[in-house]
Amino acid sequence: MSNPNSPNREYPLERTRNIGICAHIDAGKTTLTERILFYTGMIHKIGEVHDGAATTDWMEQEKERGITITSAAVTARWKQLKEEGIYKTREMEDIRVNIIDTPGHVDFTAEVERSLRVLDGAIFVLCGVAGVQPQSETVYRQAEKYGVPRIAFVNKMDRTGANFENVVKDVRTKLGAPAYPILIPIGAEENLIGQIDVVNQKAIIYSDDEKFGSKYTVRDLEGAEVARAKAAYDELLDAACSSDEELGMMFLEEQPIGPVELKAGLRRAVIANKIIPMAGGSAFKNKGVQYLIDAVIDYLPGPLDIEAQKGHVVDEPENIVEATPNDNGKFIALGFKLWSDKFGRLVFFRVYSGKISKGDTIYNPRTRKSERVGRLIQIQASVHKDIDTCYSGDIAALVGVKDVRTGDTFCDESLEVLLEPPTFPEPVISMA
Ligand code: GDP
């Protein structure tokens, strides 16, 4: 296959992730999103001040300015340490992570459906004390219904009564989910000091007095950690070998399977929705989020890993068109959210094929009209950043386009393709 990346894009498609954070109300979605944005450098203020109080200040400021971190889609950048042998070097690779808001609705509304459609994977947040709650189940089933590959994150590990193992059991029994720990908390409540990285059999230790943004240290496993980690590794390897044919074959042929091979097999199994890696940590106490973001890159699919998006030619439902991520292809995008804030009215869209630049004309097959793109932006936590071009696999917002509904397809004028039928049983917001 020819290279799908334009030489001008900042992040290759291989290192782009569109994820959602799925949780019912109060599970900790906002807190986790905030922490991810902090670690991805999208919010700086709290890093310069010392403790949690600053976070609240920051939240207050954001409220005043009318932007929230739970905007329709936030674009963040993560620097992942490169793998060297089985462990990591200090050299870093830039990764783009778009966090798309997934409404925690009880119903399968078109809105929920659409937001699940534009993301490639999700973090499913659970409470370390309550485990699987009835509402967690609803949210989980939604993602399951749409086949969204998931990583489960056990939050609030600092709270009294938090127990990671119990939550893992709960996820397996109550949700029937093929959950396997990849990051096991070391300690709990006040003594939560870090995590065991199961694949690499190492301990990641966060220090309590470190400022936001400081790095963790990695050390060898000690004492009881050794047996715990080994048991989890064996279980993970077994599950990965049974779920992924390639790895299973390697096992049968007695080929060596180390962390690198396990990781690759695990990634394929997660993308095929056969395994759900579970990570324990606490977003609140500023622990365990860095490696969670690494896990998003390592195990959740990117635009190149998912199936081509299918649509059809207007008035010809049998005439199927496939949109594959390639910057050199013809432009096809889906508008998934209309959003209004102080800065104006925005239409969030995901590009499935081709690219779109400021000044280009886009065609809307529903209205059969073309409009000029005056402004393109991406939301980076507290700022609306003007961009020149949005490439395939990425998310951005159009400003000032008039006749739009959510669910509209935007495409090259030579195409008349609809990614979704243009009828939804929900109110139409007029952008005129
Ligand atoms: P959301 O409704 O899912 O967005 O949940 P929030 O992020 O607003 O969190 C709900 C409540 O739980 C808030 O009071 C948070 O401060 C608290 N919370 C979130 N994460 C943690 C955590 O890791 N530890 C503790 N102790 N509290 C947390």
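Everything numeric here is computed off the predicted structure, so don't read it as measured data. (Residues numbered from 1 in each chain as written. Predicted model: local features only at pLDDT ≥ 70, side-chain atom pairs only at ≥ 80, totals over all residues. Heavy atoms only, no water.)

A. Seen up close, the site of the ligand. Taken together, 15 residues lie around the ligand, and Asp26, Thr30, Thr31, Asp158 and Phe284 are the ones closest in. Between Asp26 and the ligand, the recorded distance is 2.7 Å, taken from a backbone N or O atom to an oxygen atom. With respect to the ligand, the backbone of Lys29 contributes an N or O atom lying 2.8 Å from an oxygen atom. Protein contacts shield 73% of the accessible area of the ligand, which totals 570 Å² for the unbound molecule. A total of 3 residues in the shell around the ligand trace back to one element, the largest contributor, which is helix α1 (residues 29-39). Taken together, the residues that form the shell around the ligand break down as 4 nonpolar, 6 polar and 5 charged. (Near = heavy atom within 4 Å. Polar contact = N/O pair within 3.5 Å; in protein donor to acceptor, adjacent residues only side chain to side chain. Areas by Shrake-Rupley, 256 points an atom, 1.4 Å probe, with all protein chains shown as cover. Helix = DSSP H or I, 4+ residues; strand = E, 2+ residues; numbered from the N terminus. Nonpolar A, V, L, I, M, F, W, Y, C, P; charged D, E, K, R; others polar.)

B. Broad picture of helix α6 (residues 164-174). Considered for burial, the residues of α6 that qualify are Phe164, Val167, Val168, Asp170 and Val171. Viewed along the axis of α6, the buried residues span an arc of 160 degrees, placing them on a single side of the element. Looking at α6, the residues exposed on the side facing more than 90 degrees away from the buried face are Lys169 and Thr173. Its buried side turned inward, α6 meets β4 (121-127), β5 (150-155), β6 (179-186) and β10 (276-280). Here α6 starts with a cap whose side-chain oxygen sits 3.1 Å from the backbone nitrogen of Glu165, and that cap is Asn163. In the segment just after α6, Gly176 is the residue with positive phi, at about 60 degrees. (Buried < 20%, exposed > 50% of the residue type's maximum accessible area, 1.4 Å probe, protein only. Arc of directions from axis to C-beta. Contact = heavy atoms within 4.5 Å.)

C. Seen up close, a nonpolar patch on the surface. A cluster of nonpolar side chains, Met249, Phe251 and Leu252, forms an exposed patch at the surface whose accessible area comes to about 350 Å². Note that Met249 resides in helix α8 (residues 245-252). (Patch = residues over 30% accessible without salt bridge, like charges linked within 9 Å, V, L, I, M, F, W, Y side chains within 5 Å. Salt bridge = Lys/Arg side-chain N within 4 Å of Asp/Glu carboxyl O.)

D. Geometry of the sheet that holds strand β11 (residues 309-313). Read from one edge to the other, the open sheet built from 3 strands follows the order β12-β11-β23, with strand pairing classed as antiparallel. The strands lining the two open edges of the sheet, one partner per strand, are β12 (316-323) and β23 (417-418). Sheet topology places β11 next to β12; 5 bridges connect them, and they run antiparallel. Pairing of Gly311 across the sheet is with Val321, part of β12. (Pairing = 2+ DSSP bridges.)

E. Expanded view of the nonpolar core. Leu32, Ile123, Val171, Leu262 and Met278 are the most contacted members of the largest nonpolar core, which totals 109 residues. For this core, the leading source of residues is helix α7 (residues 224-243), giving 8 residues. When sequence neighbours within four positions are dropped, the list of residues in contact with Ile123 reads Ile19, Gly20, Ile21, Cys22, Leu32, Ile36, Ile151, Phe153, Leu292 and Val296. Counting 17 residues, the second-largest nonpolar core is a separate cluster that includes Ala333, Leu338, Val373 and Val401. (Core = buried A, V, L, I, M, F, W, Y, C linked by side-chain atoms within 4.5 Å.)

F. Here's a closer look at the confidence of the model for the protein. Of all residues in the protein, 82% have pLDDT values of 70 or greater, and the mean over the chain is 83. Low pLDDT (under 50) marks residues 61-68, which in the prediction has 13 contacts with non-local residues, meaning those over four places away or in another chain. Across the whole predicted complex the pTM is 0.88, and at the interface the ipTM reaches 0.98. (pLDDT = per-residue confidence, 0-100.)

G. Spotlight on unusual backbone geometry. For Gln201, which is not glycine, the phi dihedral falls at a positive 55 degrees. Relative to the assigned elements, Gln201 resides in the loop between β7 (194-197) and β8 (202-205). For Gln201, a relative accessible area of 23% corresponds to the partly exposed category. Positive phi outside glycine occurs at Glu254, with the angle close to 55 degrees.

H. Seen up close, the packing of aromatic side chains. In this structure the tally under the stated criterion is 2 aromatic pairs. Pairing Phe336 with Phe348 gives two aromatic rings, centres 6.3 Å apart and planes at 45 degrees, and the pair type is tilted. You can see Phe336 sitting in strand β13 (residues 332-341) and its partner Phe348 sitting in strand β14 (residues 344-353), a full 12 residues away along the chain. In this structure, Arg150 is placed above the aromatic ring of Tyr140, and the distance from its NZ or CZ to the ring centre is 4.6 Å. Over the ring of Tyr180 we find Arg172; its NZ or CZ atom is 5.0 Å from the centre of that ring. (Phe/Tyr/Trp six-rings, centres within 6.5 Å; stacked < 30°, edge-to-face > 60°. Lys NZ or Arg CZ within 6 Å of the ring centre and 35° of its normal.)

I. Representation of the environment of Ala203 in the model. Summarising the element assignment, Ala203 is placed in strand β8. A relative accessible area of 0% means that Ala203 is categorised as buried. Taking C-alpha positions, Ala203 is 43 Å from Ala110, a pair spaced 93 residues apart along the chain. Excluding anything up to four places from it in sequence, Ala203 contacts Ile186, Gln195, Thr217, Val218, Arg219, Asp220, Leu221 and Glu225.

J. Summary view of the state of the cysteines. If you walk through the whole model with that rule in mind, you get 0 disulfides. Cys390 takes part in no disulfide bond, and the closest cysteine sulfur to it belongs to Cys411, at a distance of 15 Å. Note on Cys390: relative accessible area 1%, which makes it buried. (Disulfide = S-S within 2.5 Å.)

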